[in-house]
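# Observations on chain architecture
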Amino acid sequence: MSRQKILIILMVVVGFFVMVNVAKAKPPRNMNLSYDLQSQMLHVEVEHVCDNRNNEYIHKVTISINRGVPEKKYYGKQRDHLMFIQDIAVTAKVGDVIKVAVYAKEGGFLEGSLVVAE
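Residues numbered from 1 in each chain as written. Predicted model: local features only at pLDDT ≥ 70, side-chain atom pairs only at ≥ 80, totals over all residues. Heavy atoms only, no water.

## Focus on the packing of aromatic side chains
For any pair of aromatic rings, geometry is given as the distance between the ring centres together with the angle between the planes. We apply this condition: Think of it this way: a Phe, Tyr or Trp ring, Trp meaning its six-membered ring, pairs with another when their centres are within 6.5 Å, and the plane angle makes it stacked under 30 degrees, edge-to-face over 60, tilted otherwise. We call a residue buried when its accessible area falls under 20% of the maximum for its residue type, exposed when it is over 50%, and partly exposed in between, using a 1.4 Å probe and counting protein chains only. Working rule: Lys NZ or Arg CZ, within 6 Å of ring centre, within 35 degrees of ring normal, means a charge sits over the ring.
What the rule picks out here adds up to two aromatic pairs. Ring geometry for Y75 against F84: centres 5.4 Å apart, planes inclined by 70°, an arrangement best described as edge-to-face. Neither residue differs from the other here; Y75 and F84 are each classed as buried. A cation over an aromatic ring shows up here: K60 above the ring of Y103, its NZ or CZ 4.6 Å from the ring centre.

## Concerning the sheet that holds strand β7 (residues 109-115)
Applied cut-off: DSSP bridges decide pairing: two strands pair if at least two such bridges lie between them. Numbering of helices and strands runs from the N terminus; a helix is a DSSP stretch of H or I covering at least four residues, while a strand is a stretch of E covering at least two. To get an axis, a line is fitted to the C-alpha atoms, and for a helix only the part in contact is used. The angle between two axes follows their N-to-C directions and goes from 0 to 180 degrees.
Across the sheet, four strands lie side by side as β4-β3-β6-β7; this open sheet has antiparallel pairing. One side of each edge strand has no neighbouring strand; the edge strands of this open sheet are β4 (71-74) and β7. Averaged over all pairs of adjacent strands, the angle between strand axes in this sheet comes to 20°, irrespective of strand direction. Pairing geometry for strand β3 (residues 58-65) and strand β6 (residues 97-104), over seven bridges, is antiparallel. Residue pairing across strands places V61 opposite V102, the latter belonging to β6.

Structural data, given as structure tokens:
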């Protein structure tokens, strides 16, 4: 068999395994956000089903206030196999718009926002 045929077969096999891995990834969905003005804490809940919390998890959260430069938070694993739940210290005032984006390690992201109320 020629080198070219072997290379093509190898590329097809690798491509197949990459597609299978992407297909099994579960993106985050259904984000719930709340903000406690007194404690200055943002509560983030995201439905993210993972079979293995050490390999499939929400690995990054970005937070921006009023379209400012996003602050990035990184995580090494997910505590629950159904939900990502995190309280994050954020300084905001009444009327500010807090935008949150969560990114799954295996692929997919979700965005949400809220307006800080009294």
